[in-house]
Amino acid sequence: MLLQVRELKVGYASGADVLRGVDLSVGASSVTGLIGANGAGKSTLLKTICGFLRRRGGAIAFDAADIGKLQPSQLAAHGIAYLMEGHSVFPGLTVEENLILGTWAFRKERARAKQAVERAFELSSVLRAKRKVKAGLLSGGQQRILEMERLTLNDPRLVILDEPSLGLSPKLVHEVFERIAQMKADGAGVLVVDQSARHVCAASDHLYVLRLGEICIEGPAASFSDRIDELVRNFI
Amino acid sequence: MFTADVLIQLTIDGVSRGAMYGLMGAGLALIFGILGIINMAHGELFMLGAYAMYFAAMVLGVPAPIALLISTALMFCVGVAMERGLIAPLRARLGSRWLVDGYVLTIGIMVVLQNLALIVFGPREFGIAAFWPGRQEFGDVVISNERVLILAGALFTTGALALFLKKTNLGRAIRATAEHPAAAQVLGINIERIYAITFGIGAALAGAIGSLLLSTYPAYPTVGGEVLLKAFVVVIIGGLGSVWGAMLAGPLLGLIEAYATAFAPGGWQNTITSLLVLAVLVLRPQGLFSRQVTRP
Ligand SMILES: Nc1ncnc2c1ncn2[C@@H]1O[C@H](COP(=O)(O)OP(=O)(O)OP(=O)(O)O)[C@@H](O)[C@H]1O
Ligand SMILES: [Mg+2]
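Residues numbered from 1 in each chain as written. Chains lettered and ligands numbered in written order. Predicted model: local features only at pLDDT ≥ 70, side-chain atom pairs only at ≥ 80, totals over all residues. Heavy atoms only, no water.

1. So, the site of ligand 1
All names here are of chain A. Neighbouring ligand 1 are the residues Tyr 12, Val 18, Ala 37, Asn 38, Gly 39, Ala 40, Gly 41, Lys 42, Ser 43, Thr 44, Glu 163 and Gln 195. Ala 40 is positioned such that a nitrogen or oxygen atom in its backbone is 3.3 Å from an oxygen atom of ligand 1. Contact between ligand 1 and Gly 41: an oxygen atom at 2.9 Å from a main-chain N or O atom of the residue. Notes on ligand 1: free accessible area 630 Å², of which the protein chains cover 58%. The greatest single-element share of the shell around ligand 1, amounting to three residues, is contributed by helix H1 (residues 42-49). In the shell around ligand 1, the residues fall into four nonpolar, six polar and two charged. (Near = heavy atom within 4 Å. Polar contact = N/O pair within 3.5 Å; in protein donor to acceptor, adjacent residues only side chain to side chain. Areas by Shrake-Rupley, 256 points an atom, 1.4 Å probe, with all protein chains shown as cover. Helix = DSSP H or I, 4+ residues; strand = E, 2+ residues; numbered from the N terminus. Nonpolar A, V, L, I, M, F, W, Y, C, P; charged D, E, K, R; others polar.)

Below is the structure:
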């Protein structure tokens, strides 16, 4: 397993535990979906894996190595990409500058960094047309495309996505999930949290349902595909 | 009475001095953009730079350009040390509630540095007449060499700062960290390092300007006060936190001051500046040169 979370306990400030012993794993070349009601602790889990929160108990292993003390700034060097909740473009920087910053972890390999940025422009006509435009002037959907492209510039081995389809048009939601399938095809392990349970279930190999800080159901996504509505009704 | 040569002289005077204000403001804006605090000790960094320049050039007899480099490099280190030694520990201890304390901390640094300078150097002014005595004549226009030097220094530093922020990896990382520190971290940027370097750059700018302006503002313990005031004006006109705004607002303020001194009755200079600040605050609080880029 690429990522293994065991018995994870996390909370904010001096409050009670938000995650009360979570087990979850993500394999390479696969998509793992995580769904759950508002406030279940999905974002908290991702933030903890990515080093923004410190665990109170349990273990987080990436490639069998403990990453419980990882700083967020070390993610990229480990080959972990993280789409945090909300917006993460740099609005005052141009689209090109945003992409260049996506190559920060290997900026010293100039040719490779340059090539990665150019490839992103070749693949996305939307970004190509806005190359010198400030990212803050793009539409919400265009910003999300920029975030997704920036995420994969250094060929991450693990991609962690927090609500990638939030606020997007149906067409763009489709594009985002196609992009996720592409990441899997490129060999990455993907952990995706999203509001749209149906899309997550369809895109995933394995599915987890988080409820009040605990995993209440898990299994191969295919086994849920015909009863996803029931799942949403009962647990989300 | 005001012939072309006088106007040209006033313009050069205004732009060169104003560009210095602009750089002081740019340093303030850089630090504000990254750390979210107004560095009240910025004038004291200017003051330290001026002393360093005086001692390197006049006491040790180092050639002026090298003395300038020494004082700038020294002030960069002072800035980094201040951030690492005083500001970072406070931020680490207080988390998100550190801003007010951070602000008070810089006031404390200001007072300590002023008094330290008073104890070590006394109230005496350490100044020089000019690094480069003499003057240039272009037809009717006569410009002192010192003015040429200050103008060149100001324009060079402004250009170098702009290029650095715009074109280098580190410059982009500084801008990115100011806009979205968490996203910058996720891309691998060590923002603690960026904080320290940015503070160092702000201090180095203040130190370089304190050095370059030694013939205008001699080094003495409270010289920073007046300069900090100019930097504030520049930051308000240019838009709080806008480095580019500050770089543009500086020369504008310098020009207004220069013309006001020449054309308005004595004492009006500061009034005109204050009116400008008031007008900007009332009519365009985001600053003259800042364009709002919003999120959808
Ligand atoms: N910064 C914070 N400080 C204190 N409590 C927090 C903080 N962020 C989240 N919480 C609490 O932790 C719990 C889990 O929040 P979390 O954001 O992880 O939920 P989520 O599953 O991602 O929900 P959503 O679907 O709304 O994104 C919630 O009860 C929330 O109120
Ligand atoms: Mg969430």
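Read on for the rest.
2. Quick word on helix H9 (residues 223-238) of chain B
All names here are of chain B. Relative to the 22 Å expected for 16 residues at 1.5 Å per residue, H9 spans 23 Å between its end C-alpha atoms, a close match to the ideal helical length. Of the residues making up H9, those classed as buried are Val 223, Gly 224, Val 227, Leu 228, Lys 230, Ala 231, Val 233, Val 234, Val 235, Ile 237 and Gly 238. Contact partners of the buried residues in H9: helix H1 (4-35), helix H2 (42-59), helix H10 (243-263) and helix H11 (268-283). Phi turns positive, to about 105 degrees, at Gly 239, one or two residues after H9. (Expected span 1.5 Å × (residues − 1). Buried < 20%, exposed > 50% of the residue type's maximum accessible area, 1.4 Å probe, protein only. Contact = heavy atoms within 4.5 Å.)

3. Quick look at the interface of chain B and chain A
Contact residues are listed per partner, giving 23 residues for chain B and 29 residues for chain A. Carbon and sulfur atoms make up 64% of the surface buried where chain B meets chain A, a total of about 2,400 Å² over both sides. The shortest N-O distance in the salt bridge between Arg 175 of chain B and Glu 97 of chain A comes to 2.8 Å. Where chain B meets chain A, there are four residue pairs in polar contact (both at pLDDT 80 or more). (Buried area = accessible area lost by both parts, 1.4 Å probe. Salt bridge = Lys/Arg side-chain N within 4 Å of Asp/Glu carboxyl O.)

4. A look at the UniProt feature "domain: ABC transporter" (unreviewed entry) in chain A
Per the UniProt annotation, the sites labelled "domain: ABC transporter" (unreviewed entry) are residues 3-236 of chain A. The span residues 3-236 of chain A carries 35% helix and 26% strand; its end-to-end C-alpha distance comes to 25 Å. (UniProt positions renumbered as here; feature names shortened; annotations may be inferred.)

5. Description of the packing of H9 of chain B against H10 of chain B
All names here are of chain B. The interhelical angle for the contact between H9 and H10, taken along N-to-C directions, is 115 degrees, at an axis separation of 8 Å. You can see that H9 and H10 cross each other, and the crossing is right-handed. Between H9, through Lys 230, Val 233, Val 234, Ile 237 and Gly 238, and H10, the contact on the second element is made entirely by Gly 245, Ala 246, Ala 249, Gly 250, Leu 252, Leu 253 and Glu 257. Classifying every residue of the contact of H9 with H10 gives seven nonpolar, three polar and two charged. (Axes fitted to C-alpha atoms, helices over the stretch in contact; angles between N-to-C directions. Left-handed = near helix turned anticlockwise from the far one by under 90°.)

6. Side note on helix H6 (residues 169-179) of chain B
Within the span of H6 of chain B, buried status applies to Gly 171, Arg 172, Ala 173, Ile 174, Arg 175, Ala 176 and Thr 177 of chain B. Those residues of H6 of chain B that are buried are in contact with helix H3 (95-101) of chain A together with H1, helix H5 (145-167), helix H7 (181-186) and helix H8 (191-212) of chain B.

7. Considerations on the packing of aromatic side chains
Summed over the entire model, instances satisfying the criterion amount to ten aromatic pairs over all chains. Seen in terms of ring centroids, Tyr 51 of chain B and Phe 126 of chain B are 5.9 Å apart; in terms of plane orientation they differ by 65 degrees. Their pairing is edge-to-face. In this pair, Tyr 51 of chain B is assigned in helix H2 and Phe 126 of chain B in the loop between helix H4 (99-121) and strand S1 (135-138), connecting sequence segments 75 residues apart. Look at Tyr 51 of chain B and you get buried, because its relative accessible area is 2%. Directly above the ring of Trp 104 of chain A sits Arg 107 of chain A, whose terminal nitrogen or CZ lies 3.8 Å from the centroid. (Phe/Tyr/Trp six-rings, centres within 6.5 Å; stacked < 30°, edge-to-face > 60°. Lys NZ or Arg CZ within 6 Å of the ring centre and 35° of its normal.)

8. Description of the nonpolar core
Ranked by size, the top nonpolar core spans 83 residues in total, and within it Phe 90 and Leu 101 of chain A together with Leu 35, Phe 46, Leu 161 and Ile 189 of chain B carry the most contacts. Here the element with the most residues in this core is H1 of chain B; it accounts for twelve residues. Among all residues touching Phe 46 of chain B, those that are not within four sequence positions of it are Met 24, Ala 206, Ile 209, Gly 210, Leu 213, Tyr 217, Val 223 and Val 227 of chain B. Among the nonpolar cores identified, the runner-up in size contains 43 residues, and Ile 35, Val 159, Ala 188 and Ala 197 of chain A belong to it. (Core = buried A, V, L, I, M, F, W, Y, C linked by side-chain atoms within 4.5 Å.)

9. Re the state of the cysteines
Enumeration over the complete set of coordinates arrives at zero disulfides over all chains. You can see Cys 216 of chain A has no disulfide; the closest cysteine sulfur is in Cys 201 of chain A, sitting 14 Å from it. (Disulfide = S-S within 2.5 Å.)

10. Some remarks on the UniProt feature "transmembrane region" (unreviewed entry) in chain B
Residue and element names in this part refer to chain B. Sequence positions flagged by UniProt for "transmembrane region" (unreviewed entry) are, in local numbering, residues 20-41, 53-82, 102-121, 148-165, 194-215, 227-247 and 267-283. Helix makes up 73% of residues 20-41 and strand 0%, and the two end C-alpha atoms of the span are 17 Å apart. Helix makes up 100% of residues 148-165 and strand 0%, and the two end C-alpha atoms of the span are 26 Å apart.

11. Here's the deal with the environment of Ile 34 of chain B
All names here are of chain B. Locating Ile 34 in the fold gives a position in helix H1. C-alpha of Ile 34 to C-alpha of Pro 265: the two residues are 231 residues apart in sequence and 41 Å apart in space. Beyond its immediate chain neighbours, meaning those up to four positions away, Ile 34 contacts Ile 174, Thr 177, Ala 178, Ile 194, Tyr 195 and Thr 198.

12. Here we look at the pairing of strand S8 (residues 189-193) of chain A
Residues and elements named next belong to chain A. Along S8, five of the five residues are buried, which leaves the element largely enclosed by surrounding structure. Residues Gly 189, Leu 191 and Val 193 point to one face of S8 and Val 190 and Val 192 to the other, with burial holding for every one of them. Of the pairings in the sheet, the one linking strand S3 (residues 30-36) to S8 comprises five bridges and is parallel in character. Bridging across to S8, Leu 34 finds its partner in Val 193. In terms of strand pairing, strand S7 (residues 158-162) meets S8 through five bridges, oriented parallel. Bridge pairing links Ile 160 to Leu 191 in S8. In this region the chain leaves S7, passes through helix H7 (residues 170-185) and returns to the parallel neighbour S8; the handedness of that crossover is right-handed. (Pairing = 2+ DSSP bridges. Right-handed = clockwise from strand over helix to strand, strands pointing away.)

13. A few points about the sheet that holds strand S4 (residues 57-62) of chain A
All names here are of chain A. With antiparallel pairing, four strands are arranged side by side in an open sheet as S2-S1-S4-S5. At either margin of the open sheet sits one strand with a lone partner, and together these are strand S2 (17-26) and strand S5 (65-66). Taken together, the two bridges between S4 and S5 define a ladder with antiparallel strand orientation. In the sheet register, Ala 61 faces S5, and the bridge partner there is Asp 66. Relative to the sheet, H1 contacts strand S1 (3-11), S2 and S4, its axis offset from that of S1 by approximately 115 degrees.

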